[in-house]
Amino acid sequence: MATLISRFTDAQRVVVKIGSALLVDGETGKIRRDWLTALGEDIAHMRRRGQEVLIVSSGSIAMGRHVLGLRSGPLKLEESQAAAAAGQIQLAHAYQEILALQKIQVAQILLTPTDTEERRRYLNARSTIATLLDLGALPVVNENDTVATSEIRYGDNDRLAARVAQMISADCLVLLSDIDGLYDADPKTDKSAKLIAEVRTLDDKILSMAGKSQTSVGSGGMTTKLKAAQITMAAGCNMFIASGTIPHPLRALEQGANSTCFIARDTPRKARKKWIAASLTSRGRIFVDKGAETALKSGKSLLPAGVIKIAGPFERGDLVTVSNMDGRELGRGLIAYSSEDAEKIIGHKSGEITEILGYSGRDEMIHRDELALN
């Protein structure tokens, strides 16, 4: 158990997903302030030991429907969007007010599936979140229910949380739920049901254990959690399902409370490099000098000064092939500049980029974490 828990306590970057039923009182539509206050104390403890934390939160529709006096039961799409618009502002205020008690500055981010699946928007969202974390803020992410249609919604924040964890190369995702893990049968109806503490492979046997959501205000069940696990494990991110129905749920997880840990085979960095090497089509080619070739082989990033020629066209974030002066392919990576801008800065020092382009770009043409060598 201690080894499993270390995958949470030793993780550098952690995403915590909070469901509606935990955060919002289903009868009144108000935030469970005592619960969120206790969670804030847990997060402050994690941050003090050097962990970066990001929250993916449900709750805007559950809060907004009460504010607007909408009936119980399923809502029409336009009613859900109206409820989200009214509830989101209250949700953001609650996070800001309560986490301020721990001197934590929060920042709100609203995402749609397009933001995590369309390349340009993905890069912008990833960069924004990374910058917020670098600045010491705690990003609070929610699905942008006010604009997403039923055809393009995530529909559950388990999958959104997994996509965010994948996007920011998180080491661990914690899904706080009304159940404390994956069981081999429904523990609410079968007293002999056994907790599965560790999952390394999502085979048919594991997938068959999924049930349906039992909450009135949430949209996710065990099926959505296993789908989230498929995403995170492929991204090199470990995932926990843990109970959020108790005060200080993250402290309880750390102290060995029941949970299920889905163990990734690779680290996020290795998984990302495998994805770069195998999953994308090259959009261009970059030729580097001998000094840059040596630096890349020693694990360094590719700087503009080491590039002698490019072949495009390509856009920022596209995958390009990196070749040496003889044309031999060295690897592939995600380029930080369009071919138009890259052409202007090749052969120059990183400190000259701002003057040449008129904006402050990345020092690296290709960062080492986004480069897969042959």
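It should be noted that the structure appears before, not after, this text.
Residues numbered from 1 in each chain as written. Predicted model: local features only at pLDDT ≥ 70, side-chain atom pairs only at ≥ 80, totals over all residues. Heavy atoms only, no water.

Caption draft 1: Quick peek at the environment of Asp 204. Its location among the elements puts Asp 204 in helix H9 (residues 204–207). Through-space distance from the C-alpha of Asp 204 to that of Arg 163 is 23 Å; in sequence the pair is 41 residues apart. (Helix = DSSP H or I, 4+ residues; strand = E, 2+ residues; numbered from the N terminus.)

Caption draft 2: Region of interest: the packing of aromatic side chains. All told, the structure shown has 1 aromatic pair when counted by the stated rule. Consider the rings of Phe 8 and Phe 240, whose centres lie 6.4 Å apart with planes at 70°: the pair is edge-to-face. Of this pair, Phe 8 sits in helix H1 (residues 2–9) while Phe 240 is found in strand E9 (residues 238–243), placing the two residues 232 residues apart along the sequence. There is no split in this pair, since Phe 8 and Phe 240 are both buried. If you follow Lys 309 out to its NZ or CZ, it ends over the ring of Phe 287, 4.6 Å from the centre. (Phe/Tyr/Trp six-rings, centres within 6.5 Å; stacked < 30°, edge-to-face > 60°. Buried < 20%, exposed > 50% of the residue type's maximum accessible area, 1.4 Å probe, protein only. Lys NZ or Arg CZ within 6 Å of the ring centre and 35° of its normal.)

Caption draft 3: Focus on the packing of helix H4 (residues 60–67) against helix H5 (residues 77–99). Put simply, H4 and H5 touch, their axes get as near as 6 Å, and they point 100° apart. If you check the angle between H4 and H5, you find them roughly perpendicular. Here Ser 60, Ile 61, Met 63, Gly 64, Arg 65 and Val 67 of H4 come into contact with H5, specifically with Ser 80, Ala 83, Ala 84, Ala 86, Gly 87, Gln 88, Gln 90 and Leu 91. Grouping the constituent residues of the contact of H4 with H5 by class yields 7 nonpolar, 6 polar and 1 charged. (Axes fitted to C-alpha atoms, helices over the stretch in contact; angles between N-to-C directions. Parallel < 35°, antiparallel > 145°, perpendicular 65-115°, else oblique. Contact = heavy atoms within 4.5 Å. Nonpolar A, V, L, I, M, F, W, Y, C, P; charged D, E, K, R; others polar.)

Caption draft 4: Up close: the nonpolar core. Counting residues in hydrophobic clusters, the biggest one holds 43 residues, and the most contacted among them are Leu 173, Leu 182 and Phe 262. Contributions of two or more residues to this core are made by strand E2 (52–57), strand E3 (106–111), helix H7 (119–134), helix H8 (157–167), strand E5 (172–177), strand E6 (182–183), helix H10 (222–234) and E9. Not counting chain neighbours up to four residues away, the residues in contact with Leu 173 comprise Val 15, Lys 17, Ala 161, Ala 162, Ala 165, Thr 232, Cys 237, Asn 238, Met 239 and Phe 240. With 39 residues, the next largest nonpolar core counts Ile 5, Val 16, Leu 138 and Leu 176 among its residues. (Core = buried A, V, L, I, M, F, W, Y, C linked by side-chain atoms within 4.5 Å.)

Caption draft 5: Just helix H13 (residues 290–297), in detail. Within the sequence span of H13, burial applies to Ala 292, Glu 293 and Leu 296. Viewed along the axis of H13, the buried residues span an arc of 105°, placing them on a single side of the element. In H13, the exposed residues that point more than 90 degrees away from the buried face are Lys 290, Gly 291 and Thr 294. Where H13 is buried, its residues meet strand E11 (285–288), strand E13 (319–323), strand E14 (329–334) and strand E15 (371–373). Where H13 begins, the side chain of Asp 289 points an oxygen toward the backbone nitrogen of Gly 291, at a separation of 3.2 Å. Positive backbone phi, approximately 95°, marks Gly 299, located one or two places after H13. (Arc of directions from axis to C-beta. Polar contact = N/O pair within 3.5 Å; in protein donor to acceptor, adjacent residues only side chain to side chain.)

Caption draft 6: Broad picture of the sheet that holds E13. Judged by pairing direction, the sheet is mixed, and its 5 strands sit side by side in the order E12-E11-E13-E14-E15 without closing on themselves. The outermost strands of the open sheet, each flanked by one partner alone, are strand E12 (307–311) and E15. With strand direction ignored, the average angle separating the axes of adjacent strands in the sheet is 25°. (Pairing = 2+ DSSP bridges.)

Caption draft 7: Molecular detail of unusual backbone geometry. Cis rather than trans, the peptide bond between Gly 312 and Pro 313 has omega equal to 5°. By the secondary structure assignment, Pro 313 is in the loop between E12 and E13. Look at Lys 103: it is not a glycine, yet its phi comes out positive at around 60°. Note that Lys 103 resides in the loop between H5 and E3. The backbone of Ser 169 sits at a positive phi, close to 55°, despite the residue not being glycine. Examined against the element boundaries, Ser 169 turns out to sit in the loop between H8 and E5.

Caption draft 8: Structural context of the sheet that holds strand E8 (residues 198–199). Read across the open sheet, the 8 strands follow the order E3-E4-E2-E1-E5-E9-E10-E8; overall the sheet is mixed. At either end of the open sheet lies a strand with only one pairing partner, and these are E3 and E8. Sitting on the sheet, H10 is in contact with E5, E8, E9 and strand E10 (259–262), with an inclination near 155° to E9.

Caption draft 9: Examining H10 more closely. Over its 13 residues, H10 runs 18 Å from end to end, which matches the ideal 18 Å to within 8%, given 1.5 Å per residue. Every buried residue of H10 is listed here: Met 222, Thr 224, Lys 225, Leu 226, Ala 228, Ala 229, Ile 231, Thr 232 and Met 233. After H10 finishes, the residue Gly 236 shows a positive phi value of roughly 80°. (Expected span 1.5 Å × (residues − 1).)

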